[in-house]
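# Residue-level structure breakdown
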Amino acid sequence: MKKIIISIIMLLNLSLLFSDVKIAWVDGAALMYSHEDMRTAQAELEKEQKRVQIEFEGKVASLDSLRSEFEKRKMLLDEETLRTMQNRIIALTQELEGYQNKYFGPEGEFYKMQNELLEPIMKEINQAITNVAKKQGFDYVFDVTTQQGVVYALESYNVTDLVLTELQKMIVEPTEE
């Protein structure tokens, strides 16, 4: 496996030596957070998160109250009533877990809402990056926000401002697809 990776890296290095590759980078986070629709989307997401959090905390309070009542009264109640309360506690606990997964799980409502709101913004940003790359003749444009693939980036190759300008033009003069 190492030999394959080393071979690929060597081939890439050789291809870079024999060609005139033009590379640029952008700060994707700066692009996202400077976008007006992103601020609106973020406010909407925060509002929904607070609503769900309040609802969740209400359910937790109900469960805590039931548990507290159970602990106080367990010596005084008959077995059937104890089992009924224990079953209710188990059911509420499962309901809370289900609620949490429904809204905040990997396929949860909050995740879906976030994707719904951010997808058009990301499309627009990617289109602006593509427009700048084509106009400026770049072969590759990297997003350095994640820092996973880019260890070093020379500031002179930063095209974030050009992309921001392009985004502003696209917002002022929307194009039909």
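Residues numbered from 1 in each chain as written. Predicted model: local features only at pLDDT ≥ 70, side-chain atom pairs only at ≥ 80, totals over all residues. Heavy atoms only, no water.

This part covers the overall build of the protein chain. What the protein chain contains, in helices and strands, is six helices and two strands. Counting helices and strands in the order they occur from the N terminus, the protein chain gives α-β-α-α-α-α-β-α. Counted over contacts in the protein chain with a minimum sequence separation of 6, partners at least 24 positions apart contribute 80%. (Helix = DSSP H or I, 4+ residues; strand = E, 2+ residues; numbered from the N terminus. Contact = heavy atoms within 4.5 Å.)

Our focus in this paragraph is helix α6 (residues 160-172). Taking 1.5 Å as the rise per residue, α6 with 13 residues should run 18 Å; its terminal C-alpha atoms sit 18 Å apart, in good agreement. Where α6 is concerned, the buried positions are T160, V163, E166, L167 and M170. Looking down the long axis of α6, one finds its buried residues gathered within 120° of arc, a one-sided arrangement. Turned more than 90 degrees from where α6 packs its buried face, D161 and V172 sit exposed. On its buried side, α6 packs onto β1 (23-26), α2 (28-34) and α5 (109-136). (Expected span 1.5 Å × (residues − 1). Buried < 20%, exposed > 50% of the residue type's maximum accessible area, 1.4 Å probe, protein only. Arc of directions from axis to C-beta.)

It is worth spelling out a nonpolar patch on the surface at this point. On the surface, a nonpolar cluster with roughly 280 Å² of combined accessible area is contributed by I23, Y140 and F142. With respect to the secondary-structure elements, Y140 resides in strand β2 (residues 140-143). Given the relative accessible area of 46%, Y140 is considered partly exposed. (Patch = residues over 30% accessible without salt bridge, like charges linked within 9 Å, V, L, I, M, F, W, Y side chains within 5 Å. Areas by Shrake-Rupley, 256 points an atom, 1.4 Å probe, with all protein chains shown as cover. Salt bridge = Lys/Arg side-chain N within 4 Å of Asp/Glu carboxyl O.)

Our next topic: the nonpolar core. Membership of the largest hydrophobic core comes to 18 residues, with the highest contact counts inside it found for I121, I125, V159 and V163. When residues of this core are traced back to their parent elements, those giving at least two are β1, α2, α3 (36-73), α5 and α6. It is α5 that contributes the most residues to this core, seven residues altogether. What V163 contacts, discounting residues up to four positions off in sequence, is V26, L31, I125, A128, I129 and V132. Counting residues in hydrophobic clusters, the runner-up holds 13 residues, among them V52, F70, L77 and Y99. (Core = buried A, V, L, I, M, F, W, Y, C linked by side-chain atoms within 4.5 Å.)

Considering all chains together, one arrives at four aromatic pairs under this definition. Ring plane angle 15° and centroid distance 6.1 Å describe the contact between F56 and Y99, whose orientation is recorded as stacked. Here F56, found in helix α3, pairs with Y99, found in helix α4 (residues 79-104); they are 43 residues apart in sequence, far enough to count as distant. Here F56 matches Y99 in class, with each residue buried. (Phe/Tyr/Trp six-rings, centres within 6.5 Å; stacked < 30°, edge-to-face > 60°.)

Each packed pair of helices is defined by two parameters, the angle between the axes and the distance between the axes. With their axes 10 Å apart at the nearest point, α3 and α4 run at an angle of 165° to one another. In terms of their interaxial angle, α3 and α4 are classed as roughly antiparallel. Where α3 crosses over α4, the two elements pack in a sense that is left-handed. Looking at the contact of α3 with α4 residue by residue, the classes come out as 14 nonpolar, four polar and eight charged. (Axes fitted to C-alpha atoms, helices over the stretch in contact; angles between N-to-C directions. Parallel < 35°, antiparallel > 145°, perpendicular 65-115°, else oblique. Left-handed = near helix turned anticlockwise from the far one by under 90°. Nonpolar A, V, L, I, M, F, W, Y, C, P; charged D, E, K, R; others polar.)

Further remarks concern the packing of α4 against α5. Two elements in contact, α4 and α5, have axes whose closest approach is 3 Å; the angle formed by their N-to-C orientations is 10°. Judged by the angle between their axes, α4 and α5 are roughly parallel. Residue-level contacts link K102, Y103 and F104 of α4 to E109, F110 and Y111 of α5. Broken down by class, the residue content of the contact of α4 with α5 amounts to four nonpolar, no polar and two charged.

Confidence along the protein chain averages 83 in pLDDT terms, with 82% of residues attaining 70 or more. The element-level mean pLDDT for the protein chain is lowest in helix α1 (residues 2-17), coming to 58, with α3 highest at 92. (pLDDT = per-residue confidence, 0-100.)

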